[in-house]
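Residues per chain, in single letters:
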Amino acid sequence: FAEWSGTPWAARVAVLRTWAEQLDEVKFDLAIASLLEVGKSRAEALGEAEEAIDLVRYYCGEMERHHGYAQDLARVFPNEETTCVLRPLGVIGVISPFNYPLALAVNMMAGALTTGNTVVFKPSAGCAPTITIAGFISFRYFDTPMIVPVVPIADTKCVMRPPVSCQISGPVVR
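Definitions and cut-offs
- Numbering of residues begins from 1 in every chain and follows the order in which that chain's sequence is written.
- Per-residue local features are limited, in this predicted model, to residues with pLDDT of at least 70; the limit for side-chain atom pairs, both in listing and counting, is 80 or more; totals at the level of whole chains, interfaces and linings are taken over all residues.
- The basis for every side-chain value is the complete set of non-hydrogen atoms in the structure, without hydrogens or water.
- The numbering of helices and of strands both runs from the N terminus, where a helix is a DSSP run of H or I of at least 4 residues and a strand a run of E of at least 2.
- Each reported salt bridge corresponds to a side-chain nitrogen of Lys or Arg within 4 Å of a carboxyl oxygen of Asp or Glu.
- For the exposure calls, accessible area comes from a 1.4 Å probe over protein chains only, and a residue counts as buried if that area is under 20% of its type's maximum, exposed if over 50%, partly exposed in between.

**Some remarks on the environment of arginine 42**
Inference 1: With respect to the element layout, arginine 42 can be found in helix H4 (residues 42-65).
Inference 2: Separated by 14 residues in the primary sequence, arginine 42 and phenylalanine 28 place their C-alpha atoms 9.7 Å from one another.

**Description of the pattern of salt bridges**
When the charged atoms of two side chains with opposite charge come close together, those side chains can pair.
Inference 1: One pass over the structure, following the stated rule, counts six salt bridges.
Inference 2: Measuring nitrogen to oxygen at the nearest pair gives 3.5 Å for the salt bridge that ties lysine 27 to aspartate 24.
Inference 3: Of the residues examined, lysine 27 reaches a relative accessible area of 16% and is grouped as buried.
Inference 4: Residue classification places aspartate 24 among the partly exposed positions, given a relative accessible area of 29%.
Inference 5: Lysine 27 serves as the salt-bridge partner of glutamate 50, at 3.4 Å between the closest nitrogen and oxygen. Linking glutamate 50 in helix H4 with lysine 27 in helix H3 (residues 27-38), this pair joins segments that are 23 residues apart in sequence.
Inference 6: By relative accessible area, which is 32% here, glutamate 50 ends up partly exposed.

From the geometry alone we can't say anything about function, so treat these as descriptive.
Shown next as structure tokens:
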């Protein structure tokens, strides 16, 4: 947390914009995984993948629009200066739902990461292939360990690991 929260907001935005680009490159793979996993139609599955990418870009745009955390407030007296300066909270827990395995998980992660927090991520039970692909992309392109995945439930067979056992070209996720 200390390293990521100490990273200037513009640098965090640059990292997250790279993440959005990487997600965009595999959006059809993400859509297929969502289609197979949740039973969405092709249009809904692709829409969810595109929404996830748009959400990352949205949070980046909001940080840029507000120049990070500092925001000037209204003055009561002409000689005063009032500024709201927000700080990262710490480690944020993200639990992804089963019905929107990509968009809602990426939404919560992007909001937390953009603002300088780190994430402990618990995918929905059954180990969603959709979010596994997105999670491995985050492991592959983030320099610092900002997302820590956890095993969904004790009786599931899936354990997310960094990309030593992952190959995203097709995609093949083991």
